[in-house]
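# Secondary and tertiary structure notes
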2 protein chains.
Amino acid sequence: MRLSDLSSHGGEWLRGDGPEGDIVISSRVRLARNLADHRFTTRAADPEKREIAEKVRETVMHSRFAERVFYVDLEKEDAVQGEFLVERHLISKELARGEGPRGVAFGSREAISIMVNEEDHLRIQVLQSGNQLEEAWKGANAVDGLLEGGLTFAFHPRFGYLTACPTNVGTGMRASVMLHLPALAYSRHIQKVFQAVHKMSLAVRGLYGEGTEPMGDLYQISNQVTLGLPESAVVDNVCRVIPRIIQYERQIREELLARERRALEDRIWRALGILRHARLISTQETLEHLSAVRLGVNLAVVEGIDLKLVNDLFILSQPAHLQKLEGRPLEPGERDEVRAAFLRRRLAMKEGPAENPESTGT
Amino acid sequence: MRLSDLSSHGGEWLRGDGPEGDIVISSRVRLARNLADHRFTTRAADPEKREIAEKVRETVMHSRFAERVFYVDLEKEDAVQGEFLVERHLISKELARGEGPRGVAFGSREAISIMVNEEDHLRIQVLQSGNQLEEAWKGANAVDGLLEGGLTFAFHPRFGYLTACPTNVGTGMRASVMLHLPALAYSRHIQKVFQAVHKMSLAVRGLYGEGTEPMGDLYQISNQVTLGLPESAVVDNVCRVIPRIIQYERQIREELLARERRALEDRIWRALGILRHARLISTQETLEHLSAVRLGVNLAVVEGIDLKLVNDLFILSQPAHLQKLEGRPLEPGERDEVRAAFLRRRLAMKEGPAENPESTGT
């Protein structure tokens, strides 16, 4: 498979038809695993890392996954390819920008990915569309079980799974849910969500995880603690808070519609107008407007635009995706131009003005 | 004629096909005249003013104008009607908001208008499309001559025409040209134009004349001095400066295209995007975006939009025009909604995306 085949659409987890898909983009569980008979990546030299990668690759490629699995040797790929996989949430920035023998295996639906020689020898990730953290956990468990058929993981009877960083010891699990919370963001109630979430020892991060600022009103809620809790408790902890945030977002959406429908519609339509007309647009501005349009689609303010398309555009308008699309490296200024042209094409009105101005005139 | 018949299009002087129509919207000459055998309006009581209005109306309606002439008795019209005529540049704010017997006669093409009982008994105005101040002067002279067949104007052999305010004594003439100077405004060179114009004893005003802030990058340049100069010198004074401002604007447009074409195109297209998508929009914001779109039409950045349409929209999106269009009074917030719907209808894309995204992609 050529990676460029992926560049025109997002992974299946973006299809937007999962439970509570209007607010929950995706649910993800990742498990950190290390081979019992090898040094951690922080200690291993390149030959050992190459041996680890080869072992994992062999096992992965011979395991019986429900879908086709591809392996990408990141040592052989250029920086754009790495960033491309980061943008698709298949690998972390750390893996992309790292050095030495490392890679990623992922399924054709992009629900499963297994990073090799990131901070741990293996980082198993399962992504599901919408609010399905339990499903993601089952999926990750299944992958974990399949791989245990061919690999022996470092496990301590008292501490649990051993990991390169002590914060991951135990379950080695991070459970996270990505939420789209535009109404809470506009109304500045989002700060209250942050406070409540932090009190529950959960973390809030942006679209691209740790160390990224929230953009496009997308927030990832995840657990912080991996030690001293069974996996089910980790999942439960995150799961418990999600419905309350969803309900809060819905409530504020209704309040905005009741109190200032016209101003909200105006904000949404202007965002679409800019995406359809701009000749230069940054990633950050694109995400802001996409967020408004996504809200518009979910509130049926905007019709004729597919939720899947909007979800996809959050990913496809990122820098490496644009460079794959153009088939060449682009300077930042040039990217803004290519991004604008790309958005115009994808959001073009189909038959006359999609908004049907007559029907919403007065 | 019902005034509402006018509300769907602007006067002929907005048709945009006059000389230098890309930069010069219109040229205007007005003459202040008073009847010799009556007190100035500042001194006359209502019965006398009514007599004056009646005399003028009689003379106007029996004069042989090249076009049909209508007379509106403003004492009988409501405030919206008055503002409507102000927005069309047929009368002044002062006349609209005044009291007592007063009116306006205007031709079907709206090139000629004669205000009655404004500051002076008569204010004769001739408007021409584009850079045609000489033509406007000839037109005003012709109207003046026609009316002198039926009326005797207050004239002093040494001072010239006598007017209610001493600043108008002499020729009673104001010659003005309305310019669209977006490139000078964006690049902030407009301040230099103001300085040069003031040094020549000319005034710079906004779209609606005295006391109005420039909006939509529209500027009226007019003479200040009416006394001690023959009419030809007044016209010449204004005429001399216009080509230099036009050349300056063209030069900056070329510089912007050469140095930052993409940023300029982006600005223009975003303006159009907002006009095509907004659900709430103020007059001020509308004029700003129309200015950018007008520049885009003139630079052939935007195609498929008629200059006449953009010129018209400057006037038709004003509050009183919207109220005529809706056939009822509108609160300011409601106006912003009606204005947005009106602009969407008038600027709707015709066949698919008018901007043809493929052709301007990279």
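Residues numbered from 1 in each chain as written. Chains lettered and ligands numbered in written order. Predicted model: local features only at pLDDT ≥ 70, side-chain atom pairs only at ≥ 80, totals over all residues. Heavy atoms only, no water.

Secondary structure summary: chain A contains 11 helices and 10 strands in total. In terms of C-alpha radius of gyration, chain A reaches 21 Å, essentially the compact-globule figure of 21 Å for 362 residues. In terms of principal-axis extent, the alpha carbons of chain A reach across some 70 × 45 × 30 Å. Classification of the 362 residues of chain A by burial places 59% in the buried group. The long-range fraction of contacts in chain A, counting pairs at least 24 apart against all pairs at least 6 apart in sequence, stands at 72%. Accessible surface computed for chain A: about 15000 Å², of which carbon and sulfur atoms make up 48%. The average position of the 48 basic charges and that of the 52 acidic charges among the side chains of chain A differ by 2 Å. (Helix = DSSP H or I, 4+ residues; strand = E, 2+ residues; numbered from the N terminus. Rg over C-alpha atoms; globule rule 2.2 N^0.38 Å. Buried < 20%, exposed > 50% of the residue type's maximum accessible area, 1.4 Å probe, protein only. Contact = heavy atoms within 4.5 Å. Areas by Shrake-Rupley, 256 points an atom, 1.4 Å probe, with all protein chains shown as cover. Lys, Arg positive; Asp, Glu negative; His and termini not counted. Charge placed at Lys NZ, Arg CZ, Asp CG, Glu CD.)

All told, the structure shown has 62 salt bridges over all chains when counted by the stated rule. A salt bridge links R259(B) to E255(B); the shortest N-O distance between them is 3.6 Å. With R259(B) and E255(B) both in helix α7 (residues 231-277), this residue pair falls 4 residues apart, about one helical turn. Within the structure, one salt-bridge network assembled from shared partners comprises E12(A), R15(A), D17(A), E67(A) and R109(A). (Salt bridge = Lys/Arg side-chain N within 4 Å of Asp/Glu carboxyl O.)

Residues and elements named next belong to chain A. Along its sequence, chain A is organised into domain 1 (3-254) and domain 2 (261-346). Contacts between the two partners involve 32 residues from domain 1, matched on the other side by 25 residues from domain 2. For domain 1, the biggest contributors to the area lost against domain 2 are L14, E87 and Y186; these three give 25% of the whole. In this assembly, domain 1 and domain 2 are joined by 0 salt bridges. One can count 13 residue pairs in polar contact (both at pLDDT 80 or more) joining domain 1 with domain 2. Those elements that place two or more of their residues in the side of domain 1 that touches domain 2 are α2 (79-87) and α5 (182-186). Top element by residues in the side of domain 1 that touches domain 2 is α2. It accounts for 5 residues. (Domains from an automatic or database assignment. Buried area = accessible area lost by both parts, 1.4 Å probe. Polar contact = N/O pair within 3.5 Å; in protein donor to acceptor, adjacent residues only side chain to side chain.)

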